[in-house]
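Coordinate analysis (summary)
Here is how the chains run, residue by residue.
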Protein chains: 2
Amino acid sequence: MALIRRFHETDWPVVYPMLRATFEAGDSYAFSPDSTEAEIHRVWIEVPTATYVACSPDGQLLGTYFIKPNQPDLGAHVCNCGYVVALAAQGQGIASAMCEHSQAEGIFMGFRAMQFNLVVSTNERAVRLWRKLGFSGVGTLPGAFRHLQLGYVDALVMFKKLST
Amino acid sequence: MALIRRFHETDWPVVYPMLRATFEAGDSYAFSPDSTEAEIHRVWIEVPTATYVACSPDGQLLGTYFIKPNQPDLGAHVCNCGYVVALAAQGQGIASAMCEHSQAEGIFMGFRAMQFNLVVSTNERAVRLWRKLGFSGVGTLPGAFRHLQLGYVDALVMFKKLST
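What comes next concerns the included structure. Sequence order sets the numbering: in each chain, residues are counted from 1 along the sequence as written. By the order in which they are written, chains take letters starting at A while ligands take numbers starting at 1. It should be noted that, the model being predicted, local features are given only for residues of pLDDT at least 70 and side-chain atom pairs only at 80 or more, the latter also being counted only at that level, while totals for whole chains, interfaces and linings use all residues. Excluded from the side-chain calculation are hydrogens and water; included are all heavy atoms of the structure.

Residue and element names in this part refer to chain B. By the convention used here, strands pair only if DSSP detects at least 2 bridges between them. Numbering of helices and strands runs from the N terminus, with a helix taken as a DSSP run of H or I at least four residues long and a strand as a DSSP run of E at least two residues long. An order of β1-β2-β3-β4-β5-β7-β6 is seen for the seven strands of this open sheet, with the pairing classed as mixed. Edge positions in the sheet fall to β1 (3–6) and β6 (136–147), since each of these pairs with one other strand and no more. With direction set aside, neighbouring strand axes in the sheet form an average angle of 25°. Judged from the eight bridges that link them, β6 and strand β7 (residues 151–161) form a sheet pairing that is antiparallel. By the bridge assignment, Gly139 is partnered in β7 with Val157. The contact criterion used throughout is that any non-hydrogen atoms of two residues lie within 4.5 Å. Think of each axis as a best-fit line through the C-alpha atoms, taken over the contacting stretch in the case of a helix, with angles from 0 to 180 degrees between the N-to-C directions. Those strands touched by helix α3 (residues 94–108) are β1, β2 (50–55), β3 (61–69), β4 (78–85), β5 (113–120) and β7, and its axis lies near 30° from that of β3.

Checked against the element boundaries, Phe159(A) lands in strand β7 (residues 151–161). For Phe159(A), a relative accessible area of 5% puts it in the buried group. Taking the C-alpha atoms as reference points, Phe159(A) and Cys79(A), separated by 80 residues in sequence, lie 9.8 Å from one another. Aside from chain neighbours lying at most four places away, what touches Phe159(A) is Val78(A), Ala113(A), Met114(A), Gln115(A), Gly134(A), Phe135(A), Ser136(A), Val138(A), Leu141(B) and Pro142(B). Summary of the burial criterion: residues with accessible area below 20% of their type's maximum are buried, those above 50% are exposed, and those between are partly exposed, where the area comes from a 1.4 Å probe applied to protein chains only.

We now examine the pairing of β5(B). Residue and element names in this part refer to chain B. Buried residues dominate β5, accounting for eight of its eight residues. Across two bridges, the pairing between β4 and β5 is parallel. Within β5, the residue paired with Val78 across the bridge is Ala113. Taking the sense of rotation as the criterion, the β-α-β connection linking β4, α3 and β5 turns out right-handed. As paired elements, β5 and β7 share six bridges and run antiparallel to each other. Paired with Ala113 across the bridge in β7 is Lys161. By convention, a crossover is right-handed whenever its connection, traced from the first strand over the helix to the second and viewed with the strands pointing away, goes clockwise.

Let us look at the interface of chain B and chain A. Chain B puts 31 residues into the contact, and the matching count from chain A is 31 residues. Considering only the surface of chain B that becomes buried against chain A, Leu74(B), Val138(B) and Tyr152(B) emerge as the three largest contributors, covering 25% of it. Only one rule defines a salt bridge in this text: a Lys or Arg side-chain nitrogen within 4 Å of an Asp or Glu carboxyl oxygen. Joining chain B to chain A, the criterion identifies zero salt bridges. By the criterion applied in these results, polar contacts are pairs of N or O atoms within 3.5 Å in which, for protein atoms, one can donate a hydrogen and the other can accept it, and in which residues neighboring in sequence qualify only through two side-chain atoms. Where chain B meets chain A, there are twelve residue pairs in polar contact (both at pLDDT 80 or more). Values labelled buried area give the accessible surface lost by two parts on being combined, using a 1.4 Å probe and summing over both.

Keep in mind these values describe shape, not function.
Shown next as C-alpha cells:
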C-alpha cells in the first residue's frame with residue numbers, strides 16, 4: 001500500500017530521474033525529451049499548486065503527481081494533474097492510488113472537476129485506468145501528439161466532475 | 001476590408017483597452033476580469049509566438065489576435081489562437097478575417113492544426129463562426145467556464161487540421 005504525501009525538495013534527486021525517464025520515452029507527456037533539469041523542476045514543482053510523492057512503507061519513492069488549475073481565473077475551478085510512476089513500480093496500482101488521492105485533494109482545494117488535456121491514445125493502459133476511475137472521453141484530437149516512436153497519434157481530452 | 005499586420009508596441013495604448021473590455025465582460029475568455037495591464041500584456045503579447053492587429057483602411061485598430069503552440073514540444077505542432085474585436089467594430093467580419101489570417105500564418109509557421117480549448121458555449125456567435133470556418137467540436141466540457149453573468153456554463157474544445 002502506497003503512502004502519498006506532499007513533495008519536499010529533498011525528494012528531488014529521486015523524483016527528477018523518474019520524470020526524466022518518462023519524458024525521454026516521448027510516449028505519454030508533451031514535455032520535451034531534451035528538457036533540462038531546471039525546466040522539469042519548473043513544470044512539475046514550481047508551476048503546479050502542489051506536488052506529491054507516493055512512497056512504499058519503507059520510504060522508497062514509487063511515483064509523483066502534481067495538481068494545478070487547468071485554465072486561468074474563469075476556468076480555474078477545473079484542475080489538471082500529471083502522474084508519473086517509477087519504472088520499477090509499474091503495475092502495482094500506484095497511478096490509480098495517486099489519481100484517487102488527487103481527486104480527494106482536488107475537492108479539498110475547492111476544484112469542481114478534473115481535466116486531462118492530452119491523453120495519448122496509444123497509452124492504452126492510461127486511457128483504460130482513467131475510464132475505470134470515472135473519467136469520460138470528451139473527444140479526440142486528431143494527430144495532436146507527436147509520439148517519438150509512432151509519429152503523430154491521436155490524443156484524448158478526458159474529464160471528471162469532482163463535486164457531488 | 002481589414003488589413004491585418006503584426007502588432008507593434010505603439011499599438012498597445014489602443015489594444016489594451018480593447019482586451020480589458022473583453023476580459024471585464026467575463027463571457028468569453030478565462031483571463032481574470034481584474035487582470036492588471038502587465039498581466040494582459042504578458043498573456044497577449046509576451047507569451048504568444050506572435051500577435052497581430054486588424055486595421056481599417058484609415059489605420060484605426062479594429063481587432064487583435066495571437067498565435068502560440070497549444071502544448072509543449074510533442075504537442076507544439078498544434079497552435080492556439082485568441083481573437084478580440086473592438087466593441088465598435090463588431091458584426092463587420094473582423095473575427096472571421098483574423099481567423100482566416102491566423103490559419104494562413106499557422107501553416108506558414110509550420111503548425112499542422114489549430115485548437116481552441118475553451119470556447120464558451122453561450123458565446124453562440126463565436127461557436128457558429130468557428131464551425132463556419134471549418135472547426136469541429138471535439139467535445140463539451142461540462143460547466144468548465146464560470147460566466148460572470150450566467151455562472152457555470154459548458155465550454156467546447158474545437159479543432160481544425162491546417163495542413164493539406
